[in-house]
Structure formats: C-alpha cells, structure tokens
Amino acid sequence: MELIKDLPEIFKDFSEQRKASFTAAYELKQQGVPFIGGFCTYLPKEVPMAMGACVVGLCSKTGETIPVAEQDLPRNLCPLIKASYGFAKSDKCPYFYFSDLVVGETTCDGKKKMYEMLGEIKKMHVMELPNRQSPEGTELFKGEIIRFKEVLEAQFGVEITEAKIKESIVTMNNQRKALKAFYGLQKMTPPPMSGLEMHQVLDGVPFRFNVEEATDELNALTQKIIDEYDPEKYKGRKRILVTGSPIGGGIDKVVGAIERNGGVVVAYENCGGARSIEELVDEANPDVYDALAKRYIGIGCSCMTPNPNRFELMNKMLEEYKVDGVVEVVLQACHTFAIEAYNVKKLVTGQREIPYVYIETDYSESDVGQINTRVGAFIEML
Ligand code: BJ8
C-alpha cells in the first residue's frame with residue numbers, strides 16, 4: 001500500500017470540519033492504515049473494519065465538479081452520481097485520493113454504470129447486490145460478502161478472521177445504538193434540536209475514524225442534550241419527516257426551508273438517517289456472513305423490488321415521531337425513488353392521513369426560491 005508523503009494542494013479549500021477529518025485520515029495513512037471508500041449504505045463496513053481499515057463515504061454533496069463529470073456522463077443523470085464521478089475524475093476529493101480500494105454495489109443503474117468508468121481511475125470492487133430481499137437474494141449477497149473479504153485479504157495480504165468480524169459487528173452495533181438514542185430524542189414533544197443540527201451530527205459521525213471514540217462522544221452528546229433540554233425552543237413547530245433520496249446535497253435548501261418556515265425536522269427516513277442505521281446485525285447468529293447479509297440486504301432502498309422494509313420503517317416512524325407532515329425529496333433523474341413516491345404518498349396521505357409534499361431537486365442553487373415558497377405554503381397548510 002502506498003503511503004502519502006505530501007497532501008496535495010488541491011484539497012486545501014475544504015471546510016474546517018472536513019479538513020479536521022482529512023487531516024486525521026492523512027495521519028492514519030502515514031501510519032499505514034488502509035482506507036476503503038464506499039458510495040452506499042449497503043457496504044458491509046464490518047468486513048474492512050475487521051482488518052483494521054477505515055471506511056469512508058465518498059458520495060459527493062456539492063455540485064462543483066458536475067461540469068467535469070458531464071464531459072463523460074449524460075446531463076440527465078442523478079447529481080449525486082455526476083458529482084461523485086466529477087470529484088474522482090478531477091482528483092478533488094481527499095477521501096477518494098486516500099482510498100486504497102473503492103467499493104460499490106449494483107444498486108441503481110446510474111451508479112453501477114458509473115462504477116465501470118470509476119474503475120478506470122481507481123482500483124474498484126463492485127459487489128453484486130440482488131434486487132430482492134428473498135432467501136435466494138440473501139444467499140447471493142452472503143456469497144458476495146465472502147468474496148469481498150477474499151478480495152481484501154488478497155489486496156492487503158491479511159487474514160480476516162470471523163472472530164475479528166464478530167468484534168466489528170459489536171463495535172458497529174454499539175454505534176448504531178448510540179445513533180438511534182441520539183436521533184430518537186426527536187420523539188420528544190417539542191423536540192430538543194433542529195433537523196439541521198441533527199443532520200450535522202449524523203453526517204459527521206462516519207467521518208470520525210475511531211468508531212469507539214465517536215460512539216462515546218455521541219452518547220455524551222445525547223446526555224448533554226437531555227440535560228439542557230429547553231421545551232420552549234421548538235414549541236409549536238410542525239413536526240416533519242423527510243424521506244426519499246439521500247439529501248446531503250440539498251440539506252440547506254430543503255431542511256433550511258422547512259425550519260425557516262415554522263417546521264422542524266424530527267426524523268430522516270433516508271440514507272443519512274434511520275434507513276441506514278435502524279437495524280442491528282444479529283450478534284447471536286454464529287454465522288457472521290449470514291448475519292451481515294441479512295442485515296444489509298434488509299435496507300429499504302428503492303432499488304429493491306418490492307421494497308416493503310422502507311414502508312414498514314416509515315410507518316413506524318410516522319407514529320413514533322408524531323409526524324405532522326412528510327416532505328419527500330428526490331434527486332433529479334433518480335427514477336427508483338421518483339416511482340416509489342407514488343406508494344409513499346399513498347401510505348402517508350391515504351392510510352395515515354398525513355399531508356405530503358414531493359420535491360425534486362439537484363445540487364444547484366436555481367430552485368432555492370421555488371423550494372422555499374413550496375415548503376412555506378406546505379407548512380402553513382398543516
Ligand atoms: S442504499 S439510497 S446510498 S443506493 S439518488 S445514486 S438511488 S439515482 S444514493 Fe443510495 Fe445506497 Fe440506496 Fe442509500 Fe441512484 Fe437515486 Fe442517485 Fe441514489
């Protein structure tokens with residue numbers, strides 16, 4: 001594995017928070033710690049963690065490299081895919097640069113075809129993810145997890161034992177429990193924090209490479225929020241659940257608009273929130289690969305057909321978080337979430353009789369005003 005001597009100049013204009021994390025990543029790389037980059041919640045982190053690697057998310061959340069990406073990719077494509085490819089192509093993402101191996105899964109069409117091109121820039125491993133959460137699909141994914149382990153063992157010259165995987169399952173489960181306790185605070189009436197504050201923490205935790213330390217700090221933060229709870233702070237605000245595509249690239253324009261207009265986001269049913277965290281890996285299952293396969297394939301992403309787990313989770317969250325309104329955010333050209341919105345709306349407005357609004361957006365600033373107006377009208381109507 002290649003050790004990094006100098007941090008490339010191009011990375012320097014990252015924000016302070018990201019800078020802190022990539023400096024930490026840089027130092028870990030100097031010590032020879034492998035980095036595995038990923039693009040999706042389906043990546044079974046426990047396997048690379050079991051060989052002492054750091055796992056880092058590579059999904060881009062800004063549109064600055066989209067013009068570079070559009071030289072190779074069609075314009076009518078999800079901004080997350082274009083931006084991620086653009087960062088890789090222009091070598092502007094330090095985490096991509098640090099990654100010794102990039103891992104993708106066969107999720108949506110756009111992502112899996114983009115991975116073919118990404119493989120020309122960086123060493124890439126693509127896991128075959130079945131589209132069904134059937135016993136056959138689970139068995140296939142179990143085989144893919146074992147194949148992933150073997151790829152890691154061959155590339156890094158290590159042995160990944162089941163005992164080590166068991167340890168990382170416990171470590172990750174502890175972090176999931178801490179995350180659930182943290183975002184579960186929003187069940188309180190009124191909630192103790194804003195959706196933007198909640199998002200900042202959920203977004204920041206995966207960039208803390210010492211997982212145990214991050215978990216302890218998260219637990220301390222949760223306790224602090226309880227101790228300092230001010231019931232007046234978000235009193236009277238409409239309680240909003242955000243669902244749909246990952247929202248990182250549109251967080252300010254959507255969540256900002258909700259919270260500027262008298263709402264407060266109490267829950268995220270998306271991959272930056274509960275969808276990626278809620279379920280634990282079964283620690284009692286003696287077959288670690290089976291346990292991982294069952295947990296990961298159970299994630300309710302719209303690339304699954306049918307996708308009952310998303311609706312089950314959403315239904316539970318609508319109840320537990322006492323939701324007044326649902327805002328579905330779908331990234332432009334994200335067909336699976338756009339189509340699934342039909343059934344989401346049916347569940348929310350039909351079965352649950354909760355108001356719902358659908359917003360399609362991208363990573364540009366062009367729709368900021370329009371979203372603000374639509375969200376404002378929605379909250380007012382609640
Ligand atoms: S598990 S949501 S992280 S695939 S928004 S690239 S689906 S066209 S990001 Fe995702 Fe994994 Fe699913 Fe979660 Fe495609 Fe849609 Fe773009 Fe998406």
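Use the structure listed above.
Residues numbered from 1 in each chain as written. Predicted model: local features only at pLDDT ≥ 70, side-chain atom pairs only at ≥ 80, totals over all residues. Heavy atoms only, no water.

S.K.: An account of the side chain of Lys 149 is needed here, citing residue identities and associated values.
M.R.: Along the chain, the position of Lys 149 falls in helix H7 (residues 135-156). Taking the relative accessible area as the measure of exposure, Lys 149 reaches 13% and is therefore buried. Not counting residues within four places of it along the chain, the set of residues in contact with Lys 149 comprises Val 47, Ile 160 and Tyr 289. (Helix = DSSP H or I, 4+ residues; strand = E, 2+ residues; numbered from the N terminus. Buried < 20%, exposed > 50% of the residue type's maximum accessible area, 1.4 Å probe, protein only. Contact = heavy atoms within 4.5 Å.)

S.K.: Help me get a handle on the packing of helix H8 (residues 162-183) against helix H10 (residues 211-227), residues and values and all.
M.R.: In a packed pair of helices, the relevant descriptors are the angle between the two axes and the axis-to-axis distance. Running from N to C, H8 and H10 cross one another at 20 degrees; their axes reach a closest spacing of 9 Å. By the angle class used here, H8 and H10 are roughly parallel. Judged by the sense of rotation from one axis to the other, the crossing of H8 with H10 is left-handed. The segment H8 lies against H10, with Thr 171, Met 172, Asn 174, Gln 175, Ala 178, Leu 179, Ala 181 and Phe 182 engaging Val 211, Glu 212, Ala 214, Thr 215, Leu 218, Asn 219, Leu 221, Thr 222 and Ile 225. Counted by class, the contact of H8 with H10 contains 10 nonpolar, 6 polar and 1 charged residues. (Axes fitted to C-alpha atoms, helices over the stretch in contact; angles between N-to-C directions. Parallel < 35°, antiparallel > 145°, perpendicular 65-115°, else oblique. Left-handed = near helix turned anticlockwise from the far one by under 90°. Nonpolar A, V, L, I, M, F, W, Y, C, P; charged D, E, K, R; others polar.)

S.K.: Describe the site of the ligand, and please don't skip the residues or the numbers.
M.R.: As a structural note, the neighbourhood of the ligand is formed by 16 residues, with Cys 40, Cys 108, Cys 271, Cys 301 and Cys 334 the closest of them. Partitioning the shell around the ligand into residue classes produces 11 nonpolar, 3 polar and 2 charged. (Near = heavy atom within 4 Å.)

S.K.: Give a detailed account of the environment of Gln 370, specifying residues and quantitative values.
M.R.: In this structure, Gln 370 sits in helix H16 (residues 368-381). Separated by 117 residues in sequence, Gln 370 and Lys 253 have C-alpha atoms that sit 9.8 Å apart.

S.K.: Let's hear about the nonpolar core: which residues, and what values?
M.R.: With 72 residues, the main nonpolar core has Tyr 95, Leu 118 and Leu 152 as its most contacted residues. Broken down by element, this core gets its largest block of residues, 7 residues, from helix H13 (residues 288-297). In this structure, Leu 152 is in contact with Ile 36, Val 47, Pro 48, Met 51, Leu 101, Gly 157, Val 158 and Ile 160, ignoring residues within four places of it in sequence. (Core = buried A, V, L, I, M, F, W, Y, C linked by side-chain atoms within 4.5 Å.)

S.K.: Please provide a residue-by-residue account of the packing of helix H4 (residues 79-89) against helix H6 (residues 109-118), values included.
M.R.: Their axes nearest at 10 Å, the elements H4 and H6 cross at an angle of 10 degrees. One element, H4, and the other, H6, form an angle in the roughly parallel class. Residues Leu 80, Ile 81, Ser 84, Tyr 85 and Ala 88 of H4 touch H6, and the partners they reach there are Gly 110, Lys 111, Met 114, Met 117 and Leu 118. When the residues that make up the contact of H4 with H6 are grouped by side-chain class, the tally is 7 nonpolar, 2 polar and 1 charged.

S.K.: Describe the packing of aromatic side chains, with residues and values.
M.R.: Tallied over the entire structure, the rule returns 6 aromatic pairs. Each ring, one from Phe 35 and one from Phe 209, has its centre 5.2 Å from the other, and the planes form 80 degrees; the classification is edge-to-face. Of the two residues, Phe 35 is situated in strand E1 (residues 35-38) and Phe 209 in the loop between helix H9 (195-204) and H10; the sequence distance between them amounts to 174 residues. Both residues of the pair, Phe 35 and Phe 209, belong to the buried class. Between Tyr 97 and Phe 98, the ring centres sit 6.0 Å apart and the planes meet at 65 degrees, which makes this aromatic pair edge-to-face. Taking the ring centre of Phe 96 as reference, the NZ or CZ of Lys 122 above it sits at 5.4 Å. (Phe/Tyr/Trp six-rings, centres within 6.5 Å; stacked < 30°, edge-to-face > 60°. Lys NZ or Arg CZ within 6 Å of the ring centre and 35° of its normal.)

S.K.: I'd like a rundown of helix H14 (residues 308-320), residues and numbers included.
M.R.: The end-to-end C-alpha separation of H14 is 19 Å, in line with the 18 Å expected for 13 residues at 1.5 Å each. Residues of H14 that are buried: Arg 310, Phe 311, Leu 313, Met 314, Met 317 and Leu 318. Across the axial projection of H14, the buried residues extend over an arc of 165 degrees, all falling on one side. Residues of H14 that are exposed and point over 90 degrees away from its buried face: Glu 312 and Glu 319. In this structure, the buried residues of H14 make contact with strand E5 (238-244), strand E6 (263-269), helix H12 (274-277), strand E7 (325-331) and helix H15 (335-351). Positioned one or two residues after H14, Lys 322 has a phi angle of 45 degrees, which is positive. (Expected span 1.5 Å × (residues − 1). Arc of directions from axis to C-beta.)

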